[in-house]
Structure formats: C-alpha cells, structure tokens
Amino acid sequence: MSKVVVWIVFGLLYAYPLFEGISNLIALPPYYAANGIGAAVPWWLLVIGVAAPVLLYLAALWIGRGRELFARTLILAVGLATANALVLSAVSWASAVQPAL
Amino acid sequence: MARASGSHPDHDDDDEALRWAGDDVRGGVDPLTRNRVAEVATASIDDGADAAPASPGNLARTAATVGFAVLYLAIVVGWILSVQITGSTATDLFSQVAWQFGEFVAIIAGALWYLTVLTLTPDSRTAIRVGWFALGIAVLLPWPILLVLAS
C-alpha cells in the first residue's frame with residue numbers, strides 16, 4: 001500500500017520535468033520557424049527532454065523492484081533529481097547550439 | 001514434564017535474550033553470533049604472524065569510493081554554479097516554485113546518487129559499484145556551467 005503511495009507521489013513529481021519537456025517540444029519548433037531557423041531545431045534535445053523523465057521513472061521502478069520501501073524511495077528520488085538535472089542540461093545545450101537570430 | 005511458561009522446551013533462553021527480532025531480516029549480526037565469531041577470531045590469532053595485508057580488491061574499492069566522492073563533490077559544486085545562470089521566464093507562482101524545486105533537486109542529484117550507490121551496493125562486486133558511480137558522473141555532468149566555461 002505505502003509502495004503505491006510512493007509510486008503516485010513520485011509520479012506527480014516526475015510530471016513536472018516531463019511537462020517542461022513536452023512544452024519545449026511543442027513550443028520550440030514554431031518559435032524557430034518564426035525566426036527563420038526552422039532547420040536548426042535541436043530535435044535530439046527535445047526528445048531527451050520528454051524521454052528522460054519517463055525512462056528514469058520506469059528505470060527507478062524496475063531497479064527498485066523487490067527492495068524494501070526505503071531503497072525504492074531513494075532510487076525514485078535519485079531518478080527525479082537526475083531527470084531535473086537532465087532537463088536543465090538539455091535547455092542549456094539548446095541555447096548553446098541555437099544559431100544567431 | 002511440561003513447563004508452565006509455555007515457551008518452547010528446546011529454546012535456549014540465553015540465545016533468545018541476546019537476539020533482536022528482525023536482525024536476520026535486516027542482514028544484521030546478532031550480538032551472540034558476533035561474540036562467538038570474536039571469540040573464535042581471538043583464539044586463532046597466531047602471535048608470530050605479521051598482520052595480514054589488506055586484500056588488493058578491498059584497497060581498489062576504497063580508493064574508487066573515495067575518488068568518486070571527490071568527483072561527485074565537484075558535480076554538486078558545478079550544479080550550484082549552474083543554477084545561478086539558468087532561469088525561468090515563467091511569471092506565475094506555480095511555475096516559479098516548480099522551477100526552483102527542479103533547480104534544488106538538480107543540486108542535490110550528485111549527493112543523492114553517490115549515497116544511493118553507497119547504500120545499495122555494500123555487497124556488490126567492485127566493478128558494479130564503480131559502474132554505477134561512473135554512470136552517475138556521465139549523466140549528471142553540470143552542462144549549464146560547462147557550456148559557459150567552454151564558450
């Protein structure tokens with residue numbers, strides 16, 4: 001039972017980096033196109049932004065399976081922190097590789 | 001003759017008294033076993049022999065654990081510097097709070113990863129522990145500050 005509560009709480013916490021990733025994926029290509037650099041959209045960074053939170057959440061559940069609750073929670077926390085770090089990294093890479101407007 | 005206490009007749013009361021319930025589940029060593037092991041160890045000491053050198057595997061493991069501690073410290077410092085230069089353009093309160101939270105967990109990511117590997121691989125082979133340490137370094141590189149320094 002408490003296991004499920006942990007899954008749900010962390011699911012909500014992982015949702016924020018995922019939301020950021022999705023909104024970047026939706027908003028960045030039109031923004032680039034409007035500025036005439038539509039060919040330079042960094043798709044791989046946008047994909048990382050969406051995939052990282054999902055994959056890290058699933059990986060954390062998988063690695064934590066069969067362990068006690070403390071270990072599961074710890075692994076989910078590490079995955080959450082990593083997801084947020086990766087999103088920030090992807091954003092900084094995107095501005096680094098963006099062509100001059 | 002049946003005993004009035006109702007306890008198991010074969011059960012050693014001393015054993016029972018010197019054990020915490022759940023020790024075996026948690027992988028701990030109960031005091032009784034620990035003392036017996038210590039007695040055996042004391043009894044078998046050869047006074048003429050030199051102290052046994054630490055096994056090379058253990059030494060490498062300790063060296064790796066300490067070395068990665070320094071690297072992870074650098075990662076944490078890198079993220080502290082990184083969040084100074086990243087910022088959210090959002091103006092509503094929820095986005096601001098969520099962004100701040102994201103920056104905070106990015107800072108502690110390195111420390112969390114290190115402590116988790118340390119906690120969850122006490123009995124794993126050294127290669128497995130080092131592999132998890134190395135993966136964390138690769139994934140948690142503080143790119144915002146690295147890209148600024150590189151430019």
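Within each chain, residue numbers correspond to sequence positions counted from 1 in written order. Here chains are named by letter from A upward and ligands by number from 1 upward, in the order in which they appear as written. With the structure being a predicted model, the display of local features is reserved for residues of pLDDT at least 70 and the display and counting of side-chain atom pairs for 80 or more, all residues being used for whole-chain, interface and lining totals.

Once that is clear, we can look at the overall build of chain A. In DSSP terms, a helix is any run of H or I states spanning at least four residues, a strand is any run of E spanning at least two, and both are numbered starting from the N terminus. On a plain count of helices and strands, chain A comes out with three helices and zero strands. Going from the N terminus to the C terminus, chain A shows its helices and strands as α-α-α. Here the globule rule reads 2.2 Å times residues to the power 0.38, and the radius of gyration is calculated from C-alpha atoms. Radius of gyration (C-alpha) of chain A: 16 Å, far over the 13 Å computed for a compact globule of 101 residues. Each principal axis of the C-alpha distribution contributes one length, and for chain A these read about 55 × 20 × 15 Å.

A few words now on the interface of chain A and chain B. Buried accessible area, meaning the area lost when the parts come together, often serves as the stated size of an interface. Each partner contributes residues to the interface: chain A has 20 residues there, and chain B has 19 residues. Broken down by secondary-structure element, the contributors of at least two residues to the side of chain A that touches chain B are α1 (2–34) and α3 (69–97) of chain A. Looking at which element gives the most residues to the side of chain A that touches chain B, the answer is α3 of chain A, with 18 residues. For this scheme, ten residues count as nonpolar: Ala, Val, Leu, Ile, Met, Phe, Trp, Tyr, Cys and Pro. Four count as charged, namely Asp, Glu, Lys and Arg, and the remainder, Gly too, count as polar. By residue class, the composition of the side of chain A that touches chain B is 16 nonpolar, four polar and no charged. Contact between two residues is assigned when their C-beta atoms, built from the backbone, lie within 7 Å.

Moving on: the environment of Trp132 of chain B. Residue and element names in this part refer to chain B. Topologically, Trp132 is positioned in helix α5 (residues 126–139). Looking at Trp132, the number of C-beta atoms within 10 Å reads 19, which means it is partly exposed. Not counting the four nearest positions on each side in its chain, Trp132 is found in contact with Val117 and Thr121. Buried means a residue has 20 or more other C-beta atoms within 10 Å of its own C-beta, exposed means 12 or fewer, and partly exposed covers the counts in between; C-beta atoms are placed from the backbone.

This part takes up the confidence of the model for chain B. All names here are of chain B. Confidence scores per residue from the predictor, reported as pLDDT, run from 0 to 100. Across chain B, the average pLDDT comes to 79, with 62% of residues at or above 70. Of all the helices and strands in chain B, helix α2 (residues 31–43) carries the lowest mean pLDDT, 55, while α5 carries the highest, 95. As a predicted assembly, this complex carries a pTM of 0.75 together with an ipTM value of 0.90.

So, on to the nonpolar core. Grouped together as the largest cluster of nonpolar side chains are 41 residues, with contacts concentrated most on Leu80, Ala81 and Ala85 of chain A together with Ala106 and Ala109 of chain B. When residues of this core are traced back to their parent elements, those giving at least two are α1, α2 (43–64) and α3 of chain A together with α3 (56–85) and α4 (93–120) of chain B. Ranked by residue count, the leading element in this core is α3 of chain A, at twelve residues. Apart from residues lying up to four places away in sequence, Ala106 of chain B is in contact with Ala81, Asn84, Ala85 and Leu88 of chain A together with Trp79 and Val83 of chain B. A set of buried residues drawn from Ala, Val, Leu, Ile, Met, Phe, Trp, Tyr and Cys, joined through C-beta atoms within 7 Å, is what defines a nonpolar core.

Our focus in this paragraph is the environment of Gly64 of chain A. Residue and element names in this part refer to chain A. With respect to the helices, strands and loops of the structure, Gly64 is situated in helix α2. C-beta crowding within 10 Å serves as the criterion here: with 21 such atoms nearby, Gly64 is assigned to the buried category. On a C-alpha basis, the gap between Gly64 and Ile75 in space is 6.5 Å, while along the polypeptide they are eleven residues apart. Setting aside its immediate chain neighbours within four residues, Gly64 contacts Ala71, Arg72, Ile75 and Leu76.

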